[in-house]
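Listed below, chain by chain, are the residues.
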Amino acid sequence: MRIAVFDTHSYDRHSFDEANQAFGHDLKYFESRLSLETVALARGFEGVCVFVNDQLNRPTLEALKAGGVRLVALRCAGFNNVDVAAAEELDLPVVRVPAYSPYAVAEHTVALLMALNRKIYRAYARVREGNFSLSGLVGFDVHGKTVGVIGTGKIGQVFARIMKGFGCEVLAYDKFPNQDLADEIGLRYVSLDELYERCDILSLHVPLADDSLHMIDKAAVARMKRGVILLNTSRGGLIETAALIEGLKTGKIGGAGLDVYEHEAGVFFEDFSNRVIQDDELARLLTFPNVVITGHQAFLTDTALHNIAETTLGNISTIEAGEIPPTCVTRTLALPPRT
Ligand code: NAI
């Protein structure tokens, strides 16, 4: 199938070209993100392959459909950037990659926690300057701390297991608690109130949806234990940035490790080192000594990239063969005919 692949970088092209040897799709890579402004690039293609910050709202989906596109293949797990109802009305199947390596994301969450706690980023910069002073580098033992995991799906449960390995007490909250998992790992489901009240470390692993948008707001921060370390490798919109900044300023939040940011689209995945960042909340977050931000790279391991490429291209082949893969997020019966 002829596919326009949006928002690509060298690492995407490498993994897709390698995996495509087994599938033989006709892939055309674009650096631009897909939006209403760039949708004309997809004209004449049968499918589009998109990532987390491409915007597939109703007008963009309508323009895709009008241009002959018959399939949307997300090369990520979350699909909060797609108007699924509009895609269904337009008879456009949307497929995704529900799991490619929960380990990649969970391990990056631990990396953020440890970098933040042991001030690795400060120590690294200091030692390179020939400064071997230890002032300001005091961390804490993670062993024995209480860790709260919000969302015990694929990634949350890997993170919970790692934290158990550190010797932590693990508390969890999920809309659909999994008692078998709790018994196996040795974690305990509690109410959000208890989680906020008791946890020294809080990590978010729920998808972004209407019911989770800004779940960490001013009221939630107020209920948290003073000095809590907040980790978010899920989606930026889970945290109301103003509430996070306020919590950091008052010391209620003792540190934040973020791989995602509410308004990351248009900034993350780009080089802004010679430009002025216009987003004042992001700029403020970057000034805190106790905030570590990475630019949505938790998924970025060789294993994950390989699995993403293989599943995405496999999804496209399955749909092309007239079947609907279980990774389809739309209620789709078949690939629509060519227009
Ligand atoms: P999953 O679907 O396996 O698990 C999500 C869990 O959250 C489920 O147990 C579900 O019941 C629970 N949940 C959903 N809404 C909830 C709510 N409002 N309150 C409480 N619990 C709720 O998803 P998985 O694979 O663990 O991924 C989690 C998220 O991680 C994805 O949705 C995605 O946004 C993010 N992600 C981030 C990546 C990165 O590179 N930073 C890479 C991959 C995923």
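Check the entry above for the structure.
Residues numbered from 1 in each chain as written. Predicted model: local features only at pLDDT ≥ 70, side-chain atom pairs only at ≥ 80, totals over all residues. Heavy atoms only, no water.

Asker: I would appreciate a short explanation of the overall build of the protein in the present structure.
Answerer: The helix and strand tally for the protein stands at 12 helices and 12 strands. Dimensions of the protein, computed from the C-alpha atoms along their principal axes, are close to 65 × 50 × 35 Å. When burial is assessed residue by residue, the protein has 51% of its 339 residues classed as buried. With 33 positive and 43 negative side-chain charges, the protein shows a spacing of 5 Å between the two charge centroids. (Helix = DSSP H or I, 4+ residues; strand = E, 2+ residues; numbered from the N terminus. Buried < 20%, exposed > 50% of the residue type's maximum accessible area, 1.4 Å probe, protein only. Lys, Arg positive; Asp, Glu negative; His and termini not counted. Charge placed at Lys NZ, Arg CZ, Asp CG, Glu CD.)

Asker: Quick question: what am I supposed to make of the pairing of strand 6 (residues 146-150) here?
Answerer: Working note: regular strand, side chains alternate between the two faces of the sheet. Among the 5 residues in strand 6, 5 count as buried, and that is most of the element. Of the two faces of strand 6, the one lined by T146, G148 and I150 and the one lined by V147 and V149 are each fully buried. With 5 bridges joining them, strand 6 and strand 7 (residues 169-173) adopt parallel strand pairing. Looking at the pairing, T146 lines up with E169 of strand 7. A crossover connection joins strand 6 to the parallel strand 7 through helix 6 (residues 154-165); in handedness this β-α-β unit is right-handed. (Pairing = 2+ DSSP bridges. Right-handed = clockwise from strand over helix to strand, strands pointing away.)

Asker: Can you walk me through the side chain of N117 in this structure?
Answerer: Summarising the element assignment, N117 is placed in helix 4 (residues 102-118). Every residue in contact with N117, bar those within four places of it in the chain, is listed here: V138, G139, F140 and V142. (Contact = heavy atoms within 4.5 Å.)

Asker: Would you mind going over the state of the cysteines with me for this structure?
Answerer: By definition, a disulfide links the sulfur atoms of two cysteines through a covalent bond. Scanning all chains against the criterion turns up 0 disulfides. You can see C328 has no disulfide; the closest cysteine sulfur is in C76, sitting 14 Å from it. (Disulfide = S-S within 2.5 Å.)

Asker: Is there a simple way to explain the sheet that holds strand 10 (residues 228-232) in this structure?
Answerer: Through backbone hydrogen bonds, the strands of a sheet pair up, either in parallel or in antiparallel fashion. One open sheet accounts for 7 strands, arranged 8-7-6-9-10-11-12; its pairing is parallel. The sheet is open, and its two edges are formed by strand 8 (188-189) and strand 12 (291-293), each paired on a single side. Direction of pairing for strand 7 relative to strand 8: parallel, over a ladder of 2 bridges. Looking at strand 8, one finds that A172 is bridged to Y189.

Asker: Got a minute to help me understand the site of the ligand in this structure?
Answerer: If you check the shell around the ligand, you find 23 residues, and the closest are Y100, K154, I155, D174 and T233. Within the side chain of S234, an N or O atom sits 3.3 Å from an oxygen atom of the ligand. A distance of 3.3 Å is found between an oxygen atom of the ligand and a side-chain nitrogen or oxygen belonging to R235. With the chains in place, 87% of the 880 Å² that the ligand exposes on its own is no longer accessible. One can see that the ligand is located within the largest pocket. Grouping the amino acids of the shell around the ligand by side-chain chemistry returns 9 nonpolar, 8 polar and 6 charged. (Near = heavy atom within 4 Å. Polar contact = N/O pair within 3.5 Å; in protein donor to acceptor, adjacent residues only side chain to side chain. Areas by Shrake-Rupley, 256 points an atom, 1.4 Å probe, with all protein chains shown as cover. 1 Å grid on protein atoms, 1.4 Å probe; cavity = no way out; pocket = protein on both sides within 12 Å on 5 of 7 lines; lining within 4 Å. Sits in = over half its atoms within 2 Å of the grid points. Nonpolar A, V, L, I, M, F, W, Y, C, P; charged D, E, K, R; others polar.)

Nothing here speaks to function; it is geometry throughout.
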